[in-house]
Amino acid sequence: MLKKFVLGGMTALVLAACGGEGGSASSSAPAQSANASGSLIERINNKGTITVGTEGTYAPFTYHDKDGKLTGYDVEVTRAVADKLGVKVEFKETQWDSMMAGLKAGRFDVVANQVGLTSPERQATFDKSEPYSWSGAVLVARKDSNIKSIDDIKGVKTAQSLTSNYGEKAKAAGAELVPVDGLAQSLTLIEQKRADVTLNDELAVLDYLKKNPNAGVKIVWSAPADEKVGSGLIVNKGNDEVVAKFSTAINELKADGTLKKLGEQFFGKDISVK
């Protein structure tokens, strides 16, 4: 899911869906080690500690549970990667708007917060590991709906935030837009038959359906794989060896079923595959 698709009321969740590009990417401070005990690759090779920037307020990716423990899909994936590499991980919670600038300035080594690096500016500054999650658009309708794909929504009442890219996509498909503040309101209007469908982020919808198993809606269409965006661990440019080690660990976690298990835990579905 990539940050940041503004969907109003579900901001804490959907401000991210697939491709985190919020916040300032520029910083006058040069990139430097977040730990004085050597470069990032040296600390990984020596089984040291790496620091990871994350929000801690962005459920179900990075948040605090009822006992106050930092958890979430991105957090647990990062811990699993650290275990594979034999390193310790120290999370540093920070606001999204300053997160990437903080990485560039060396306040931490890695960012784990549903970042997809889709903009050329970010691609020129940062590198991304093998993705550990993928997300794209899905179409949601009532369980008894005959609508089967985005091709069926011309003239159909579609509940959308008018400021989101999904609203633009629905409009381009010829839908009649019903303005809403966010995903939860969209799904409520569908259940109340005040709207027929909503086009939204897959991971946001999966999270909602997992938390609301009796909701009278279902996913009727998903964007093709080539339109999905992957999120991975983000580091500053010049850390090719680190990216390779992270990617190897993530591929091993896919192969041994760890990512599938974590996806099912937080979303009810394996989100590590396209």
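Residues numbered from 1 in each chain as written. Predicted model: local features only at pLDDT ≥ 70, side-chain atom pairs only at ≥ 80, totals over all residues. Heavy atoms only, no water.

As annotated in an unreviewed UniProt entry, the protein carries the name Amino acid ABC transporter substrate-binding protein and comes from Neisseria macacae ATCC 33926. Among the UniProt annotations of the protein, the heading Subcellular location (unreviewed entry) holds the following wording: "Cell envelope". (UniProt positions renumbered as here; feature names shortened; annotations may be inferred.)

Draft legend 1. Local environment of the side chain of Thr78. For Thr78, the position within the fold is in helix 3 (residues 73-85). When its relative accessible area of 4% is taken as the criterion, Thr78 is described as buried. Among the polar contacts made by the side chain of Thr78, one reaches the main-chain carbonyl oxygen of Asp74 at a distance of 2.8 Å. (Helix = DSSP H or I, 4+ residues; strand = E, 2+ residues; numbered from the N terminus. Buried < 20%, exposed > 50% of the residue type's maximum accessible area, 1.4 Å probe, protein only. Polar contact = N/O pair within 3.5 Å; in protein donor to acceptor, adjacent residues only side chain to side chain.)

Draft legend 2. Here's a closer look at the packing of helix 3 against helix 9 (residues 240-255). Axis separation between helix 3 and helix 9 bottoms out at 9 Å; the angle between their running directions is 105°. Here helix 9 runs roughly perpendicular to helix 3, going by the angle between their axes. In contact with Val77, Ala80, Val81, Lys84 and Leu85 of helix 3, helix 9 contributes Lys245, Phe246, Ala249, Ile250, Glu252 and Leu253. Residues that form the contact of helix 3 with helix 9 fall into these classes: eight nonpolar, no polar and three charged. (Axes fitted to C-alpha atoms, helices over the stretch in contact; angles between N-to-C directions. Parallel < 35°, antiparallel > 145°, perpendicular 65-115°, else oblique. Contact = heavy atoms within 4.5 Å. Nonpolar A, V, L, I, M, F, W, Y, C, P; charged D, E, K, R; others polar.)

Draft legend 3. Up close: the environment of Leu189. Counting through the fold element by element, Leu189 comes out in helix 7 (residues 183-191). In this structure, the C-alpha to C-alpha distance between Leu189 and Val178, residues 11 residues apart in sequence, is 9.2 Å. With residues up to four places along the chain from it excluded, the contact list for Leu189 reads Val178, Val180, Arg194 and Ala195.

Draft legend 4. Focus on unusual backbone geometry. For the bond from Ala59 to Pro60, the omega torsion is 5°, close enough to zero to count as cis. Position of Pro60 relative to the elements: it lies in the loop between strand 1 (49-54) and strand 2 (63-64). The backbone of Gln114 shows a phi angle near 55°, a positive value even though the residue is not glycine. Mapped onto the elements, Gln114 comes out in strand 5 (residues 110-115). You can call Gln114 buried: its relative accessible area is 0%. A positive phi angle is found at Lys193, which is not glycine, with a value near 65°. Within the fold, Lys193 resides in the loop between helix 7 and strand 11 (197-201). Note on Lys193: relative accessible area 61%, which makes it exposed.

Draft legend 5. Fine view of the packing of aromatic side chains. Here the structure, examined in full by the defined rule, presents four aromatic pairs. With centroids separated by 6.1 Å and ring planes inclined at 55°, the aromatic side chains of Tyr73 and Tyr132 adopt a geometry described as tilted. Of this pair, Tyr73 sits in helix 3 while Tyr132 sits in the loop between strand 6 (126-128) and strand 7 (133-135); the two residues are 59 residues apart in sequence, bridging distant segments of the chain. Here the aromatic cluster, defined as three or more aromatic residues joined through ring pairs, consists of Tyr58, Phe61, Tyr73, Tyr132 and Phe267. (Phe/Tyr/Trp six-rings, centres within 6.5 Å; stacked < 30°, edge-to-face > 60°.)

Draft legend 6. Spotlight on the pattern of salt bridges. By the definition in use, this model includes 13 salt bridges. Here Arg79 makes a salt bridge to Glu76, at a shortest N to O gap of 2.8 Å. A residue pair is termed a helical-turn pair when its members lie 3 or 4 positions apart in one helix, as Arg79 and Glu76 do in helix 3 at three residues. The class for Glu76 is buried, based on a relative accessible area of 17%. Linking Glu252 and Lys84 is a salt bridge whose minimum nitrogen-to-oxygen distance equals 4.0 Å. In this pair, Glu252 sits in helix 9 while Lys84 sits in helix 3, placing the two residues 168 residues apart along the sequence. Of the residues examined, Glu252 reaches a relative accessible area of 36% and is grouped as partly exposed. Salt bridges sharing partners connect three or more residues here, namely Lys84, Glu252 and Asp256. (Salt bridge = Lys/Arg side-chain N within 4 Å of Asp/Glu carboxyl O.)

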